[in-house]
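Report on the structure
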Amino acid sequence: MTFKCSNSILTAILLTFSSLFFMGNASATLIYSETVDGDLDAIGSTNVNLVAGINLIQGVINETPPAETDRIKFTQLAGLTIDSIVLSFSGVFDDANIGQSMNVDLHNNVANLFDDNFNMVNSGSDISASFFDSFGPETGPLSTTTAGAIWDFQISAGTVFPGQPWTLTINTTSDSPPPVDVPEPSTLAIFALAMAGLTARRFKKKS
């Protein structure tokens, strides 16, 4: 009995194995969503912990007036370094209104100073934190490596049209190496079958 297996089938098997074996932990983690976890208040009573990788915080500034403020704190755990923080909007808004009335700030309790790049919003472009303080005589960079640092993010609006869904994306890296995914026995069996097929095909060509 001759075992026949086309190149396309072997390729599909190998690609399936590769995707399963090398699947990493690059997916984003939604650490807070107003839709799921409840409306954010103006006093910052919500505090969530960051995880290694991509952290997402999602909220909505409703069409106003009346004025609305979303405020949230997030804690930097030991071994984490904050690489970037980016504020983005999913909607297109009226620059003439929102540019006069929406303000954003970001700081942490280590420097206790406001980041100079998070200020008045006047367009729909992404806003990236500069991690540099420009308030007061203690001008300097915000700490991005301090374990236990509590970051405070706030977005406030007086007149906004239309309502604005927003996302805060916080990218972190961990000091400890990422876990290595070990393939399941069934995955190894698929790989072994593919290799056996390739070997059989090679011997058949030689004979």
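Predicted model only: the values in this text are computed from it and were never measured.

1. As for the overall build of the chain
- Each helix and strand in the chain was counted, giving four helices and nine strands.
- Listed by position from the N terminus, the elements making up the chain come as α-β-α-β-β-β-β-α-β-β-β-β-α.
- Looking at the chain as a whole, 37% of its 207 residues qualify as buried.
- For the chain, long-range pairs separated by at least 24 residues make up 77% of all intrachain contacts whose partners lie at least 6 apart in sequence.

2. Details of the sheet that holds strand 4 (residues 68–75)
- If you trace the four strands from one edge of the open sheet to the other, you get 2-4-8-6, paired in mixed fashion. Looking along the sheet, the strands with just one partner apiece sit at the ends: strand 2 (47–49) and strand 6 (102–108). Each strand axis lies, on average, 20° off the axis of its neighbour in the sheet, ignoring direction.

3. Details of the pattern of salt bridges
- In the structure shown here, the tally under the stated rule is one salt bridge.
- As a salt-bridge pair, D152 and R71 come within 2.6 Å of each other at their nearest N and O atoms. Residue D152 is located in strand 8 (residues 150–157), and its partner R71 is located in strand 4; the two are separated by 81 residues in the primary sequence.
- Residue class for D152 comes out buried when judged on its relative accessible area of 6%.

4. Quick word on unusual backbone geometry
- Note that the residue after P65, namely P66, is joined by a cis bond; omega there is 5°.
- With respect to the helices and strands, P66 occurs in the loop between strand 3 (53–61) and strand 4.
- Each neighbour pair has its own omega, and for F161 with P162 the value is -15°, a cis peptide bond.
- Looking at the element boundaries, P162 is found in the loop between strand 8 and strand 9 (164–174).

5. Observations regarding the confidence of the model for the chain
- For the chain, per-residue confidence averages 78 on the pLDDT scale, and 68% of positions sit at 70 or higher.
- Predicted confidence for residues 8–25 stays below pLDDT 50, and this span has 19 contacts to residues more than four positions away or in other chains.

6. As for the pairing of strand 3
- Examined bridge by bridge, strand 1 (residues 29–33) and strand 3 share four bridges and lie parallel to one another. The residue bridging Y32 from the neighbouring strand is I57, located in strand 3.
- Bridging between strand 3 and strand 9 involves nine bridges; their strand directions are antiparallel. Pairing of L56 across the sheet is with T169, part of strand 9.

7. So, the environment of G124
- Within the element layout of this structure, G124 appears in the loop between strand 6 and strand 7 (127–128).
- For the pair G124 and Q164, spaced 40 residues apart in the sequence, the C-alpha separation amounts to 9.8 Å.

8. With respect to the packing of aromatic side chains
- Going through the model one piece at a time under the given rule, you end up with four aromatic pairs.
- With centroids separated by 6.4 Å and ring planes inclined at 0°, the aromatic side chains of F74 and W151 adopt a geometry described as stacked. Of this pair, F74 sits in strand 4 while W151 is found in strand 8, placing the two residues 77 residues apart along the sequence. The exposure classification of F74 matches that of W151, with both residues buried.
- An angle of 75° between the planes, with centres 5.9 Å apart, marks the rings of F131 and W151 as edge-to-face.

About the thresholds
Residues numbered from 1 in each chain as written. Predicted model: local features only at pLDDT ≥ 70, side-chain atom pairs only at ≥ 80, totals over all residues. Heavy atoms only, no water. Helix = DSSP H or I, 4+ residues; strand = E, 2+ residues; numbered from the N terminus. Buried < 20%, exposed > 50% of the residue type's maximum accessible area, 1.4 Å probe, protein only. Contact = heavy atoms within 4.5 Å. Pairing = 2+ DSSP bridges. Axes fitted to C-alpha atoms, helices over the stretch in contact; angles between N-to-C directions. Salt bridge = Lys/Arg side-chain N within 4 Å of Asp/Glu carboxyl O. pLDDT = per-residue confidence, 0-100. Phe/Tyr/Trp six-rings, centres within 6.5 Å; stacked < 30°, edge-to-face > 60°.

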